[in-house]
Amino acid sequence: MTSTALAWFRRDLRLDDNPAWASATARDDVVALVVLEPALLAAAGPWRRRAYLSAVTGLDRSLRSCGGSLRAETGDPAEVVPRAVSETGAEVVVVNADVTRWSVERDRRVEQRLGMPIEQHWGTLVHPPGSVLTRAGGLSNVLTPFHRRWSERSLSEAVRPGSGCVVEAPDGSTPTEMLGDGLYAPWGEQDAAARFETWLDRVDSYDEERDNPATDGTSGLSAALRFGLLSPRGAAADAGTHTPGRAAFVRQLAWRDWYAHLTFEHPDIDRVSLRPEYDRIAWAEGDAADADFEAWKAGRTGYPIVDAAMRELAATGWMHNRLRMVAASFLVKDLLIDWRRGERWFRRMLTDGDIPQNAGNWQWVAGTGPDAAPYFRVFNPVAQSRRHDPEGRYLRRWLPELDRLDSRAIHAPWQAAPAELAAAGVRLGADYPAPTVDHDEARERALAAYREALTG
DNA sequence: TGGGGTTTGGG
DNA sequence: CCAAACCCC
Ligand SMILES: Cc1cc2nc3c(=O)[nH]c(=O)nc-3n(C[C@H](O)[C@H](O)[C@H](O)COP(=O)(O)OP(=O)(O)OC[C@H]3O[C@@H](n4cnc5c(N)ncnc54)[C@H](O)[C@@H]3O)c2cc1C
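Cut-offs and rules
- Each chain has its residues counted from 1, running along the sequence as written.
- Written order decides the labels, with chains lettered from A and ligands numbered from 1.
- In keeping with the predicted nature of the model, local features appear solely for residues at pLDDT of at least 70, side-chain atom pairs appear and are counted solely at 80 or more, and the whole-chain, interface and lining totals rest on all residues.
- Think of the side-chain values as coming from all heavy atoms in the structure, minus any hydrogens and water.
- Only DSSP runs of H or I covering at least 4 residues are called helices, and only runs of E covering at least 2 are called strands; the numbering of each starts at the N terminus.
- What the globule rule says is 2.2 Å times the number of residues to the power 0.38, and the radius of gyration is computed from C-alpha atoms.
- Only protein chains enter the calculation, and the probe is 1.4 Å; a residue is then buried if its accessible area is under 20% of its type maximum, exposed if over 50%, and partly exposed in between.
- The criterion used for residue contact is that any of the two residues' heavy atoms lie within 4.5 Å.
- Per-residue and other accessible areas follow the Shrake-Rupley method at a 1.4 Å probe size, with only the shown protein chains counted as cover for residues.
- Residues counted as positive are Lys and Arg, residues counted as negative are Asp and Glu, and His and the chain ends are not counted.
- By convention, charge coordinates are those of NZ in Lys, CZ in Arg, CG in Asp, or CD in Glu.
- Note that domain bounds follow an automatic or database assignment of domains.
- Two parts placed together each lose some accessible area under a 1.4 Å probe, and the buried area is that loss summed for both.
- Should a side-chain nitrogen of Lys or Arg be within 4 Å of a carboxyl oxygen of Asp or Glu, the pair is scored as a salt bridge.
- Polar contact is the term for a pair of N or O atoms within 3.5 Å; when the atoms are in protein, one must be able to donate a hydrogen and the other to accept it, and sequence-neighboring residues count only if both atoms are side-chain atoms.
- Under the grouping applied here, Gly and all other residues not named as nonpolar or charged are polar, the nonpolar ones being Ala, Val, Leu, Ile, Met, Phe, Trp, Tyr, Cys and Pro and the charged ones Asp, Glu, Lys and Arg.
- Here, two cysteine sulfur atoms that lie within 2.5 Å of each other are counted as a disulfide.
- What makes a residue near a molecule or strand is one non-hydrogen atom of that residue sitting within 4 Å of it.
- Grid points spaced at 1 Å and placed over the protein atoms alone form the basis of the search, with a cavity being a set where a 1.4 Å probe fits but cannot get out and a pocket an open set showing protein on both sides within 12 Å along at least five of seven lines. Lining residues have an atom within 4 Å of a point.
- By definition, a pocket or cavity contains a molecule when more than half of the molecule's atoms lie within 2 Å of the pocket's grid points.
- Grid points are joined across faces, edges and corners, and a volume is the space filled by probe spheres set on the points.

*Asks:* Got a minute to help me understand the overall build of chain A in this structure?
*Replies:* Helix and strand counts for chain A come out as 21 helices and six strands. A globule of 456 residues ought to have a C-alpha radius of gyration of about 23 Å, and chain A, at 24 Å, matches this closely. Expressed along its principal axes, the backbone C-alpha trace of chain A runs to roughly 85 × 50 × 50 Å. Evaluated residue by residue, chain A yields a buried proportion of 55% over its 456 residues. Of the contacts formed within chain A by residues at least 6 apart in sequence, a portion of 77% connects residues at least 24 apart. Put simply, chain A shows about 19100 Å² of open surface, and 51% of that area lies on carbon and sulfur atoms. Taken as two groups, the 55 positive and 65 negative side-chain charges of chain A have centres that lie 3 Å from each other.

Right under this line is the structure:
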């Protein structure tokens, strides 16, 4: 009698070094399934939706090179998965687990409908939740001790697919048929692996280049990690920590794990401040705040560094880490708008957007999370711009209307002399917005609001 | 991976 | 005069 496993792929869209896939392919036959969940696709903005569907196509490509193909179905997993099980005769469903409340609840619902437990592995983190603990036995609320413990743990060995026969998807449910031929160019684990290889040529200068948004001094691997095209465990192992650049890169992977573990422990990370006293802040609300929020989303705040970053986000689904901090700080501290509103917009628009990383980082910027920046750390958008993009190379890329301003004026056009603006062809309020807020006043307003929440 | 203001100490 | 140190938020 042959044994059949159903491997249900979610955000682990690769075959190599994938614990769930390795286990599933230890059976005689294995069915590979992706469920296109309407709720998830609706929540994703255009960039992440495209990336996800391309990654699904890429997974199908990988499966075809082992003689099978991917079965893709649309619907609620609680309906789709049990149906696929009964159609294929699979006796086990194998997954890599995820940390969000949404995915935990989904898997519980599926198990109920299946009438049996799902076989769970971990394949989207370097170390799974619950495996990195302080002496007291809990999850650290401070990154540094977490990182130390995390580094002390040895990395598990890479796992390889077993020899199970990969089943072909039935007619009508291959990604090509589901998504349309050629609409989504395959983006797969080979692409992620190739990108990682070229990153290893540059990783040694990461610690020096990472804060410069005008150059691609970072790995650009976040979307591949988001969808599991790259094994984070493998990335940490292959990079090593023997140079400062490599150590800094691997530390970022620890940061990623930390936010995932925190999310597993605090499923409401996107809804409540992990330091609850900060939920007493009197955020700006009403028409004026709504107008500020719209200006921020559209890149019309009048602060070039914020506007360039927000325009890049909307146009590409990407934003450099330094700019994420600056743009998020601007929304929270300068506009005094609830971090949750910004978090939702970022999550929708970012190709790499996910709840643990996005909400964790927003809580860090807003000062509401564990080990977050203290609330009185307020970024000055002009100072950040001068420090990290001194020539305005990045600004010019996204704000062509300011290109003729020199590298002194471009960071704060409203401070330039009228003649200088005229010579550069910039009419503030017409070609480019006048600043929506005065940073010095806004900073005082934010400090007062935070202080009030903490003391009053 | 904060910034604004002030003081201090060498030039 | 200026950078660094220091305090505070
Ligand atoms: C307000 C805000 C929102 C963010 N939202 C997201 C998000 O939705 N999804 C996301 O993946 N990252 C998010 N980040 C973290 C970080 O900005 C991105 O991971 C990074 O810019 C991705 O570029 P990279 O792959 O070139 O990173 P690299 O600098 O090359 O870092 C390597 C990897 O480490 C991880 N990493 C790096 N920085 C962080 C960090 N600060 N926190 C956690 N993990 C990190 C990422 O997986 C990244 O791919 C956010 C940061 C901020 C400040």
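*Asks:* Looking at this structure, how should I read the domain arrangement of chain A?
*Replies:* Where interface size is quoted, it is often the accessible area lost as the parts come together. Domain boundaries in chain A define domain 1 (1-123), domain 2 (125-156 + 190-265) and domain 3 (276-455). Placing a centre on the C-alpha atoms of domain 1 and another on those of domain 3 gives a separation of 39 Å. Each side of the interface is counted separately: domain 1 has ten residues, and domain 3 has 14 residues. Of the roughly 860 Å² buried where domain 1 meets domain 3, counting both sides, 52% is carbon and sulfur surface. For the pair domain 1 and domain 3, the interface holds one salt bridge. For Arg-11, the salt bridge goes to Asp-354, with nearest N and O atoms at 3.0 Å. Where domain 1 packs against domain 3, one counts seven residue pairs in polar contact (both at pLDDT 80 or more). Examining the composition of the side of domain 1 that touches domain 3, we find that three residues originate from one element, helix H3 (residues 46-64), more than from any other. Of the residues belonging to the side of domain 1 that touches domain 3, the class tally is six nonpolar, two polar and two charged.

*Asks:* Just checking my understanding: could you explain the state of the cysteines for this structure?
*Replies:* Here a disulfide denotes a covalent bond joining the sulfur atom of one cysteine to the sulfur atom of another. Overall, the coordinates contain zero disulfides when judged by the stated rule. The thiol of Cys-66 is unpaired, and the distance to the nearest cysteine sulfur, on Cys-165, comes to 10.0 Å.

*Asks:* Whenever I open this one, the protein's contact with DNA strand B confuses me. Can you help?
*Replies:* Around DNA strand B, the surrounding shell holds 15 residues, and the nearest of these are Met-325, Phe-376, Arg-377, Asn-380 and Arg-387. Taking all atoms of DNA strand B within 4 Å of the protein, the share assigned to sugar and phosphate is 59%. Measuring from a base nitrogen of DNA strand B, one finds a backbone N or O atom of Phe-376 at 2.8 Å. Mapped by element, the contributors of at least two residues to the surface near DNA strand B are helix H12 (244-265), helix H15 (321-334) and helix H18 (381-388). Across the surface near DNA strand B, the residue classes break down as seven nonpolar, three polar and five charged.

*Asks:* In this structure, what is going on with unusual backbone geometry? I would like to understand it.
*Replies:* Leaving glycine out, the prevailing phi sign among residues is negative, and the prevailing peptide bond configuration is trans. Phi angles above zero are rare outside glycine, and Asp-17 is one such case at about 50 degrees. Tracing the chain through its elements places Asp-17 in the loop between strand S1 (4-9) and helix H1 (19-24). The class for Asp-17 is buried, based on a relative accessible area of 6%. Positioned with a positive phi, Asp-371 is a non-glycine residue whose angle comes to about 55 degrees.

*Asks:* How should the site of the ligand be read in this particular structure?
*Replies:* What surrounds the ligand is a group of 27 residues, the closest being Tyr-206, Thr-218, Ser-219, Gly-220 and Asn-321. The protein chains hide 98% of the 820 Å² of surface that the ligand would expose on its own. Under a 2 Å grid-point criterion requiring more than half of the atoms, the pocket assigned to the ligand is the largest pocket. Contributing elements (two or more residues each) for the shell around the ligand: helix H10 (222-226), H12, H15 and helix H17 (355-366). The dominant element in the shell around the ligand, judged by the number of residues it contributes, is H12, at six residues. In terms of residue class, the shell around the ligand is made up of 13 nonpolar, ten polar and four charged. Each of two domains, domain 2 (125-156 + 190-265) and domain 3 (276-455), supplies a minimum of three residues to the shell around the ligand.

*Asks:* Looking at this structure, I do not really get empty space enclosed by the protein. What am I missing?
*Replies:* The method is simple in principle: a probe with the dimensions of a water molecule rolls over the atoms, and the space it marks as empty is what remains. Scanning all chains against the criterion turns up two cavities of 30 Å³ or more. The volume enclosed by the largest cavity comes to roughly 70 Å³. Lining the largest cavity, in full, are Arg-11, Asp-98, Val-99, Trp-122, Thr-124, Leu-125, Arg-256, Ala-260, Asp-354, Pro-356 and Gln-357. Within the residue set of the lining of the largest cavity, elements represented by two or more residues are H12 and H17. Tallied by class, the residues present in the lining of the largest cavity amount to five nonpolar, two polar and four charged. Size it by volume and the second largest cavity reaches roughly 40 Å³.

*Asks:* How should the protein's contact with DNA strand C be read in this particular structure?
*Replies:* Taken together, Phe-376, Arg-443 and Arg-451 make up all the residues around DNA strand C. When the atoms of DNA strand C within 4 Å of the protein are sorted by group, sugar and phosphate make up 22%. Arg-451 is positioned with one of its side-chain polar atoms (N or O) 2.3 Å from a sugar or linking oxygen of DNA strand C.

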